[in-house]
Amino acid sequence: MSYQTLDLTVTDAVAHLQLNRPDAYNSMNRTFWQEFPEAIRAVDNAAQARVLVISSGGKHFSAGMDLEIFTQPDPQMFNGEAGRRAEAMRRLVQQLQACFSVLEEIRIPVVTAIQGGCIGGALDLVCASDMRYCTSDAFFTVKETELGMTADLGTLQRLPGLIAPGLARELAYTGRKMLAQEALTSGFINQIYADQQQMLDGVMQIAAQIAGRSPLAVTGCKQMINYARDHNTADSLSYMATWQAAMFQPADMMQTFTAKMSGKKPDFEALRPIKPAFTD
């Protein structure tokens, strides 16, 4: 499929989604909010990729929400009876939240490669990814606070679980920039690269390693880590046992052992594509 705001390719089981509005600092216009979750779901549904890399071109990863969203709002959001107006606004925010929550919901790991500014809504996006890498000129900011609103698409819910809660509060309350080195030492970023090309090369190497593992084992890791984040240890261990009882099969382990003995790479079966429950 082709998109206006994105470029999407799949090579050697690695999907690469690039934000492609560099002249607009990859800001998120109305079309982006339709295309982004659609593209992510398409990757998961097809089951051809075993890892997803998200990057962008230009000076900045993304400036966040496009100003047109604020300067040309839907009149129905601010007019009419107060209760119904509020219900519609709540539903809109939930729809936008779902655009980034999809990164946690899909079966494969999501890796973000960030250069320059990661601002506002872009920070919501990368907080929902599995791993984050950046260039030395990168910075991160909860821009919404400076603009006079509360960030509402996931940063305030996810960031305190990724870095020290006190630091997350400081960034949210002040809206200041967190530079690359601070992002690394705080644990938000896995690694810093000198420039964008080095970052993409490095991230693609990591993605290739992930793609070379059993896709069933990798998706199990993602499911269990996300579940443990949101539940207590006892519940997480119980769910782990249930998952293993259902999903553990010796086929992939035998593939690994055979590959080691033969000196060849294992050839794991892909996950099944996702299809509608009932079709004609």
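Being a predicted model, the structure only gives us computed values, none of them experimental.

1. Here's the deal with the overall build of the protein
Across its full length, the protein holds 12 helices and 9 strands. In terms of C-alpha radius of gyration, the protein reaches 20 Å, essentially the compact-globule figure of 19 Å for 280 residues. C-alpha extents for the protein along the principal axes are approximately 65 × 50 × 45 Å. Across the 280 residues that make up the protein, the buried fraction comes to 43%. Intrachain contacts of the protein at a sequence separation of at least 6 include 70% that bridge at least 24 residues. Taken as a whole, the protein presents about 15200 Å² of accessible surface, with 55% of it coming from carbon and sulfur. Looking at charge distribution, the protein has the averaged site of its 24 positive side-chain charges lying 3 Å from that of its 29 negative ones.

2. Some details on the packing of helix α10 (residues 215–230) against helix α11 (residues 233–247)
Interaxial distance between α10 and α11 falls to 10 Å at its minimum, and their mutual angle equals 160°. Viewed along their axes, α10 and α11 adopt a mutual orientation that is roughly antiparallel. Relative to α11, α10 is oriented so that their crossing is right-handed. Residues Leu216, Thr219, Gly220, Gln223, Met224, Tyr227 and Ala228 of α10 touch α11, and the partners they reach there are Asp235, Ser236, Tyr239, Met240, Trp243 and Met247.

3. A short note on the sheet that holds strand β2 (residues 14–19)
Paired through their backbone hydrogen bonds, the strands of a sheet run either parallel or antiparallel. An order of β1-β2-β3-β4-β6-β9 is seen for the 6 strands of this open sheet, with the pairing classed as mixed. Edge positions in the sheet fall to β1 (6–11) and β9 (191–193), since each of these pairs with one other strand and no more. Across the sheet, the mean angle separating the axes of adjacent strands is 20° when strand polarity is ignored. As paired elements, strand β6 (residues 131–135) and β9 share 3 bridges and run parallel to each other. Looking at the pairing, tyrosine 133 lines up with glutamine 191 of β9. Across the sheet, helix α1 (residues 30–46) touches β1, β2 and β3 (51–56), and the angle it forms with β1 is around 10°.

4. Notes on unusual backbone geometry
Residues other than glycine seldom take positive phi values, yet tyrosine 25 does so here, at roughly 55°. Structurally, tyrosine 25 is set in the loop between β2 and α1. Even without glycine at this site, asparagine 26 takes up a positive phi of about 55°. Mapped onto the secondary structure, asparagine 26 falls in the loop between β2 and α1. By relative accessible area, which is 2% here, asparagine 26 ends up buried.

5. Some points on the side chain of serine 27
By the secondary structure assignment, serine 27 is in the loop between β2 and α1. For serine 27, a relative accessible area of 8% puts it in the buried group. In terms of polar contacts, serine 27 uses its side chain to reach the side chain of aspartate 66, at 2.9 Å. Setting aside residues no more than four positions away along its own chain, serine 27 makes contact with Arg21, Ser62, Ala63, Gly64 and Asp66.

Cut-off values and rules
- Residues numbered from 1 in each chain as written.
- Predicted model: local features only at pLDDT ≥ 70, side-chain atom pairs only at ≥ 80, totals over all residues.
- Heavy atoms only, no water.
- Helix = DSSP H or I, 4+ residues; strand = E, 2+ residues; numbered from the N terminus.
- Rg over C-alpha atoms; globule rule 2.2 N^0.38 Å.
- Buried < 20%, exposed > 50% of the residue type's maximum accessible area, 1.4 Å probe, protein only.
- Contact = heavy atoms within 4.5 Å.
- Areas by Shrake-Rupley, 256 points an atom, 1.4 Å probe, with all protein chains shown as cover.
- Lys, Arg positive; Asp, Glu negative; His and termini not counted.
- Charge placed at Lys NZ, Arg CZ, Asp CG, Glu CD.
- Axes fitted to C-alpha atoms, helices over the stretch in contact; angles between N-to-C directions.
- Parallel < 35°, antiparallel > 145°, perpendicular 65-115°, else oblique.
- Left-handed = near helix turned anticlockwise from the far one by under 90°.
- Pairing = 2+ DSSP bridges.
- Polar contact = N/O pair within 3.5 Å; in protein donor to acceptor, adjacent residues only side chain to side chain.

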